[in-house]
Amino acid sequence: MTTLVDIANASGRSFTTTLTRAEQREMGQFMTPPTIARFMAERLVAGPSQYHVRVLEPAAGGGILAAAVVEALLAKAPADRPGRIELMLYELDTRLIPNLRDLCLLMSQSSVLAGVEFDFVIENVDFLMSPLALSGEQLPGLVTISNPPFLKLNKTTDARARLHAYAVHGQPNIYALFMAATARLTAPGGRWCFITPRSWMAGEYFKAARHTLLRHLNIDSLHAFESRTEGFEEDAVLQETVIAWASGRATVEHGANIMVTRSQGGADLATAGVQALPVERVVGDDEHAMFSLPRDATNPFEGWTATLKTHGFEVSTGRVVAFRASEYIREYSGVGTVPLLWLQHVRQQQILWPVQKKREHILASAQSAWMLVPNAPMVVMRRFSPKEDERRVTCAAYLGQLPGDAIGLENHLNYIYRPGGHMTPAEARGLAAFLASSVVDAHFRALAGSTQVNATELRKLPFPPLAVLVHIGEIVGDFPSLNRIDQVVNVALTAQRPIEEATTA
Ligand SMILES: C[S@@+](CC[C@H](N)C(=O)[O-])C[C@H]1O[C@@H](n2cnc3c(N)ncnc32)[C@H](O)[C@@H]1O
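This one's a predicted model, so the numbers in the text were calculated from it and none came from an experiment.

Q: Now, about the overall build of the protein chain: what can you tell me, with residues and values included?
A: Along the protein chain, the regular secondary structure elements total 16 helices and 20 strands. Each principal axis of the C-alpha atoms in the protein chain carries an extent, and together these give about 85 × 55 × 45 Å. Residues classed as buried in the protein chain amount to 56% of the 505 residues present. The contacts in the protein chain between residues at least 6 apart in sequence include a share of 76% that link residues at least 24 apart. For the protein chain, the computed accessible surface area is about 21800 Å², with 54% contributed by carbon and sulfur atoms. The positive charge centre, built from 46 side chains, and the negative charge centre, built from 50, are 5 Å apart in the protein chain.

Q: Provide a residue-level description of unusual backbone geometry, including the pertinent values.
A: Of the consecutive residues W353 and P354, the connecting peptide bond is found in the cis state with omega at 0°. Turning to its location among the elements, P354 is positioned in the loop between strand 14 (350-351) and strand 15 (361-363). In this model, A289 sits at a positive phi of 45°, which is unusual for a non-glycine residue. Within the element layout of this structure, A289 appears in the loop between helix 10 (279-282) and strand 10 (314-317). Residues other than glycine seldom take positive phi values, yet R359 does so here, at roughly 55°. Mapping R359 onto the fold places it in the loop between strand 14 and strand 15.

Q: Give a description of helix 5 (residues 97-113) that names residues and reports values.
A: The end-to-end C-alpha separation of helix 5 is 25 Å, in line with the 24 Å expected for 17 residues at 1.5 Å each. Taken residue by residue, helix 5 has I97, L100, L103, C104, M107, S108 and S111 as its buried positions. Looking straight down helix 5, one finds that the buried residues subtend no more than 150° of arc, so they occupy a single side. Of the exposed residues in helix 5, the ones pointing more than 90 degrees away from its buried face are Q109, V112 and L113. Taken from the residues just after helix 5, G115 is the one with a positive phi, measuring 75°.

Q: Summarise the environment of A306; cite the residues concerned and give the values.
A: One can find A306 in the loop between helix 10 and strand 10. Here A306 falls in the buried class, since its relative accessible area comes to 14%. Sequence spacing of A306 and T186 is 120 residues, and the spatial spacing of their C-alpha atoms is 37 Å. Those residues within four positions of A306 in sequence are excluded, and the remaining contacts are H311, L461, P462, F463 and P464.

Q: Describe in detail the pattern of salt bridges, supporting the description with residues and values.
A: According to the stated counting rule, one finds 14 salt bridges in the structure shown. Across the pair D119 and R84 runs a salt bridge whose closest N-O atoms are separated by 2.7 Å. With D119 in strand 3 (residues 117-123) and R84 in strand 2 (residues 84-90), the pair connects residues that are 35 residues apart, well separated along the chain. Classification of D119 by relative accessible area gives partly exposed; the value is 29%. Overall, the relative accessible area of 24% leaves R84 in the partly exposed class. Two residues, D478 and R429, come together in a salt bridge whose shortest N-O distance is 2.8 Å. Highlighted residues: D478 in the loop between helix 14 (466-476) and helix 15 (482-494) and R429 in helix 11 (residues 425-436), separated in sequence by 49 residues. Overall, R429 belongs to the partly exposed group, its relative accessible area being 21%. The network of salt bridges with common partners includes R54, R84, E86, E117 and D119.

Q: Give a detailed account of the nonpolar core, specifying residues and quantitative values.
A: Counting residues in hydrophobic clusters, the biggest one holds 48 residues, and the most contacted among them are L56, F127, L132, W192, W200, L222 and F291. Elements with a minimum of two residues in this core: strand 2, helix 6 (131-135), helix 8 (174-185), strand 5 (191-197), helix 9 (207-216), strand 6 (217-225), strand 7 (241-248) and strand 8 (257-263). Of all the elements, helix 8 adds the most residues to this core, at 10 residues. For W200, the contacting residues outside a window of four places in its chain are Y175, M179, F206, R210, L213, V242, A244 and F291.

Q: A description of the domain arrangement of the protein chain should follow, citing residues and the corresponding values.
A: For the protein chain, the domain assignment lists domain 1 (4-197 + 204-213) and domain 2 (314-504). The C-alpha-based centres of domain 1 and domain 2 are spaced at 47 Å.

Q: A description of helix 15 should follow, citing residues and the corresponding values.
A: Taking 1.5 Å of rise per residue, 13 residues should cover 18 Å, and helix 15 covers 18 Å from first to last C-alpha, within 8% of that figure. Taken residue by residue, helix 15 has L482, I485, D486, V488, V489, A492 and L493 as its buried positions.

Q: Any details on the sheet that holds strand 20 (residues 413-417)? Residues and values, ideally.
A: The strand order across the open sheet built from 4 strands is 10-20-17-18, with neighbouring strands paired in antiparallel fashion. Of all the strands in the sheet, just strand 10 and strand 18 (395-398) have a single pairing partner and so form its edges. Strand-to-strand twist in this sheet, taken as the mean axis angle between neighbours without regard to direction, amounts to 25°. Where strand 17 (residues 378-382) and strand 18 come together, 4 bridges link them in antiparallel fashion. What sits directly across from M378, in strand 18, is Y398. On top of the sheet, helix 11 reaches strand 17, strand 18 and strand 20; it is set at about 175° to strand 18, its chief contact.

Q: Report on the side chain of E410, specifying residues and quantitative values.
A: Structurally, E410 is set in the loop between strand 19 (406-409) and strand 20. No salt bridge is formed by the buried E410; the nearest opposite charge belongs to R383, separated by 7.1 Å. In terms of polar contacts, E410 uses its side chain to reach the backbone amide nitrogen of H412, at 2.8 Å. Here E410 is in contact with G318, V320, L340, L341 and W342, once residues within four sequence places are set aside.

Reading the values: rules and limits
- Residues numbered from 1 in each chain as written.
- Predicted model: local features only at pLDDT ≥ 70, side-chain atom pairs only at ≥ 80, totals over all residues.
- Heavy atoms only, no water.
- Helix = DSSP H or I, 4+ residues; strand = E, 2+ residues; numbered from the N terminus.
- Buried < 20%, exposed > 50% of the residue type's maximum accessible area, 1.4 Å probe, protein only.
- Contact = heavy atoms within 4.5 Å.
- Areas by Shrake-Rupley, 256 points an atom, 1.4 Å probe, with all protein chains shown as cover.
- Lys, Arg positive; Asp, Glu negative; His and termini not counted.
- Charge placed at Lys NZ, Arg CZ, Asp CG, Glu CD.
- Expected span 1.5 Å × (residues − 1).
- Arc of directions from axis to C-beta.
- Salt bridge = Lys/Arg side-chain N within 4 Å of Asp/Glu carboxyl O.
- Core = buried A, V, L, I, M, F, W, Y, C linked by side-chain atoms within 4.5 Å.
- Domains from an automatic or database assignment.
- Pairing = 2+ DSSP bridges.
- Axes fitted to C-alpha atoms, helices over the stretch in contact; angles between N-to-C directions.
- Polar contact = N/O pair within 3.5 Å; in protein donor to acceptor, adjacent residues only side chain to side chain.

Quick look at the structure:
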């Protein structure tokens, strides 16, 4: 039997075959395959429906996502089915409108057969410039589903970027404006689902969009496609894709979970496992509000429940802000000065001081004491590393070898220490080696977009048992190379079980 989804799929596909790949890219015309459209719709409308459901597909193409939602709504048991469906389709390309109209007429017939009232509007306009998108007002019963166009916009000359400035930070991509604009329209009880590249989850340029989403929506569920092209089998979309499902925000429930699933593509959806993760493990709690996805089952991090905090460590940012502390910072050592470490002093696995850099001393006095740290073992790391660096984390074990009772750490450094106690040299070496290992590097690279490893990400990072870190620190040696680190860390993690057992025995 030919379904609404099949009809929408055929119309979308036949349209894209008339376009060159360049035209497709320019207009963001990548159509969603039927399996994925159904997957999105089913999770979107699960559970009993409101009586009056408004379905919005703001970048409709062939209308496949709207068709999948209408199909899923009509397939519900009569008690869970809506009494009325109002469909709103927006599509900029005039050539797609006649087929959308035909599709709506078929949906109308199917709805009547199921005893459901059905109306539709098709707007051949730019959704972002439409009165609905610009109103920013909640529409009761709204269910949005979208595979929006992907295009970078000019922040100053593009009217859409200016009119949706609340979601712009740096260079906007049109897809994030679709996400943010529809989030604002979602009322409590409403639902929202988008398939997009993963870049919105962590990219700096998507910060304002993320804040808009989190202000208006509770993210309920995420599905990550691991493969770069399978999300759209027939279209070579290069970026990894993610599907997000959300509900209109009424209150934030304490202890809420986000359901996370992953698959290679559309073919293995049925076998994708489900994880329920506390919101805090997925969404960063600082101003960046970055999202990160947990790893798949083959990842060594799976099963580690320890964090820096549970091991008794804390991570902080260096307190010496050069322009505010200029009265204490010195060119030369002298009476009462102690070392001041800057980014340049922290090499991979090695602290080099002095390096004949300007201003590498700081006066230790009662007044400056608050910005200094005790001269004791810790791990010091760069907050910013150039993209081309081999590892995301550049850090070193500092064992307290420099002169003085305290030292200064400049604000571009983070440090890990044990509050109210002492980190042992083996702990410092073990932590520094683990953080620079390829295992941790791969983990951070899997968190979309981010090139910097900030304190929030370090706090969220799962760690192996402390005994494993200490073991690494005891054998890795001084100033280890990255090769040496990987060798030691890999062996220690593979042998983790015996070490754990030995320490608990
Ligand atoms: C990525 S395609 C997705 C089509 C369909 N929703 C699907 O999932 O197969 C995006 C569609 O949005 C349309 N579009 C692009 N910019 C738009 C805009 N500003 N307003 C409305 N539609 C737009 C394109 O013409 C294209 O058909």
